[in-house]
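Chains, contacts and geometry: an overview
Residue strings, one per chain:
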Amino acid sequence: MNDVDHAILAFESEFWLRPGSKERVIQERFGISPTRYYQRLNRLLDEPEALARQPVLVKRLLRMRDERSERRSAAPRG
């Protein structure tokens, strides 16, 4: 993990306390689109080092990712 990866995890752990648009803050702080940010975050969640450094955060985000995936797969296709 590099410095940006660490900053992304730190941002995810602190963001809930901050007012404003998360997408705007992502673009301002990291200089990338929210789509790229979430792609990178999802990759980080599968990194053993991320789990070792921030286990509570990573487990919570993995659980949320799994729940979203289950909802999408259970939704009727139209």
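Criteria and thresholds
Residues numbered from 1 in each chain as written. Predicted model: local features only at pLDDT ≥ 70, side-chain atom pairs only at ≥ 80, totals over all residues. Heavy atoms only, no water. Helix = DSSP H or I, 4+ residues; strand = E, 2+ residues; numbered from the N terminus. Polar contact = N/O pair within 3.5 Å; in protein donor to acceptor, adjacent residues only side chain to side chain. Contact = heavy atoms within 4.5 Å. Core = buried A, V, L, I, M, F, W, Y, C linked by side-chain atoms within 4.5 Å. Buried < 20%, exposed > 50% of the residue type's maximum accessible area, 1.4 Å probe, protein only. Expected span 1.5 Å × (residues − 1). Arc of directions from axis to C-beta.

Within the secondary structure layout, Asp5 lies in helix 1 (residues 3-14). At 2.9 Å, the side chain of Asp5 and the side chain of Arg40 are in polar contact. Those residues in contact with Asp5 that lie beyond four places of it in its chain are Arg40, Arg43 and Leu44.

Moving on, we get to the nonpolar core. Core analysis: the largest hydrophobic core is formed by 14 residues, its most contacted members being Ile8, Leu9, Phe11, Phe30, Tyr37 and Leu41. Among the elements of the structure, helix 1, helix 2 (22-30), helix 3 (34-45) and helix 5 (55-74) are those that each provide at least two residues to this core. When residues in this core are grouped by element, the largest group, 4 residues, is from helix 3. Sequence-distant contacts of Tyr37, that is, excluding residues within four places in its chain, are made with Ile8, Phe11, Glu12, Ile26, Phe30 and Ile32.

Bringing helix 5 into the picture now. The terminal C-alpha atoms of helix 5 lie 28 Å apart, and with 20 residues this matches the ideal 28 Å at 1.5 Å per residue to within 8%. Looking at helix 5, one finds that the buried residues are Leu57, Val58 and Leu61. The buried residues of helix 5 all sit within an arc of 90° when viewed along its axis, so they share a single face. Residues Val56, Lys59, Glu70, Arg71, Ser73 and Ala74 are exposed on helix 5 and point more than 90 degrees away from its buried face.

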